[in-house]
Amino acid sequence: MDKSTFHAALQQRFADVTPHVAACGMQLTAVDDNGVEAWLPFREEWLGDTERGLIHPGIVTVLVDSACGAAVLARIADLERIATLDLRMDYLRAGLRDHDIHCRADCYHLTPSIAFVRASVWQQDRTLPIAVSQSAFMRAGRRGAAAIA
């Protein structure tokens, strides 16, 4: 499968092959050679502080981990078994009620066994991130792109 066909399949089937992604309503809104953009629609259940209307950081981490894994696959342009080795989250400001959450994740370096990813998370303004992340993923072998085609 060529790269653009793989990227299209990854974008379309992201939620189909990852049950928690589907349950959260996440979608990949863009896939390119280096990474992905992901979207998480706001839900009241994402609030960790209902009085102040603040998003729980745990759901932000779920979005980032999922988007970063997809970014690794987009960069490799093949379906491999991967696992999160390290995920550092820096929360810069609170996420707010009634606003969807967006994430851009870029796989900036690959070795035969490790992939390195950076991500940024925002709500209304990409230039005002609510969190940034740095992560490393283990590459555990090829599964074949037919699984998402």
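How each quantity is defined
- Residues numbered from 1 in each chain as written.
- Predicted model: local features only at pLDDT ≥ 70, side-chain atom pairs only at ≥ 80, totals over all residues.
- Heavy atoms only, no water.
- Phe/Tyr/Trp six-rings, centres within 6.5 Å; stacked < 30°, edge-to-face > 60°.
- Buried < 20%, exposed > 50% of the residue type's maximum accessible area, 1.4 Å probe, protein only.
- Lys NZ or Arg CZ within 6 Å of the ring centre and 35° of its normal.
- Helix = DSSP H or I, 4+ residues; strand = E, 2+ residues; numbered from the N terminus.
- Expected span 1.5 Å × (residues − 1).
- Pairing = 2+ DSSP bridges.
- Contact = heavy atoms within 4.5 Å.
- Polar contact = N/O pair within 3.5 Å; in protein donor to acceptor, adjacent residues only side chain to side chain.
- 1 Å grid on protein atoms, 1.4 Å probe; cavity = no way out; pocket = protein on both sides within 12 Å on 5 of 7 lines; lining within 4 Å.
- Points joined across faces, edges and corners; volume = space filled by probe spheres on them.
- Nonpolar A, V, L, I, M, F, W, Y, C, P; charged D, E, K, R; others polar.
- Core = buried A, V, L, I, M, F, W, Y, C linked by side-chain atoms within 4.5 Å.

Undergrad: Teacher, can you tell me more about the packing of aromatic side chains here?
TA: The final tally for this structure, using the stated rule, is 1 aromatic pair. Centre to centre, the rings of Y108 and F116 are 6.4 Å apart; their planes meet at 45°, and the pair counts as tilted. Judged by relative accessible area, which is 26%, F116 ranks as partly exposed. For R118, the ring lying beneath its charged end belongs to Y108, and the centroid distance is 3.7 Å.

Undergrad: What exactly am I supposed to notice about helix α3 (residues 57-76) here?
TA: In an α-helix, one full turn covers 3.6 residues, which means residues spaced three or four apart are oriented alike. In this model α3 runs 29 Å from its N-terminal to its C-terminal C-alpha over 20 residues, within 8% of the 28 Å that 1.5 Å per residue would give. Here α3 lies mainly inside the structure; 14 of its 20 residues are buried. A77 occupies a position one or two residues after α3 and carries a positive phi of about 60°.

Undergrad: How should I be thinking about the pairing of strand β6 (residues 101-110) in this particular structure?
TA: Within a regular strand, the side chains alternate between the two sheet faces. Strand direction decides the pairing type here: strand β2 (residues 35-40) and β6, joined by 6 bridges, are antiparallel. If you follow W39 over to β6, its bridge partner there is H102. Where β6 and strand β7 (residues 114-122) come together, 8 bridges link them in antiparallel fashion. Each bridged residue has a counterpart across the sheet, and for C107 the counterpart in β7 is V117.

Undergrad: Looking at this structure, I do not really get the environment of R139. What am I missing?
TA: Relative to the assigned elements, R139 resides in strand β8 (residues 131-142). Spatially, the C-alpha atom of R139 lies 4.8 Å from that of I82, the residues being 57 residues apart in sequence. Contact partners of R139, with chain neighbours within four places excluded, come to I76, E80, R81, I82, L110, T111, P112, S113, I114 and A115. A polar contact of 2.5 Å, which involves the side chain of R139, links it to the side chain of E80.

Undergrad: Looking at this structure, I do not really get the layout of surface pockets. What am I missing?
TA: By rolling a water-sized probe across the atoms, one finds the places where empty space is left. If you add up the space inside the largest pocket, you get close to 400 Å³. Forming the walls of the largest pocket are 21 residues, and the residues nearest its centre are T18, G69, A70, L73 and I82. Elements supplying a minimum of two residues to the lining of the largest pocket: α1 (3-17), α2 (19-24), α3 and β5 (80-91). Among the elements that line the lining of the largest pocket, the one with the most residues is α3, at 6 residues. By residue class, the composition of the lining of the largest pocket is 12 nonpolar, 5 polar and 4 charged.

Undergrad: Before we go on, may I ask you to explain the side chain of S133 in this structure?
TA: The residue S133 is located in strand β8 in this model. Within polar-contact distance, the side chain of S133 engages the backbone oxygen of R88 at 2.9 Å.

Undergrad: So what exactly am I meant to see when it comes to the nonpolar core here?
TA: Side chains of a nonpolar character, in soluble globular proteins, are inclined to be buried together. One finds V36 and V60 to be the most contacted residues of the largest nonpolar core, which totals 41 residues. Among the elements that line this core, the one with the most residues is α3, at 12 residues. In this structure V36 touches L28, A30, V31, A67, A70, A71, A74, C103, R104 and A105, once residues within four positions along its chain are discounted.

Undergrad: Help me understand the environment of D100 in this model?
TA: Relative to the elements of secondary structure, D100 occurs in the loop between β5 and β6. A sequence separation of 60 residues divides D100 from L40, and the C-alpha atoms of the two residues are 5.8 Å apart. Discounting residues that sit within four places of it in the chain, D100 has contacts with W39, L40, P41, F42, W122 and Q123. Within the local environment of D100, its side chain forms a polar contact with the side chain of W39, the two groups lying 2.9 Å apart.

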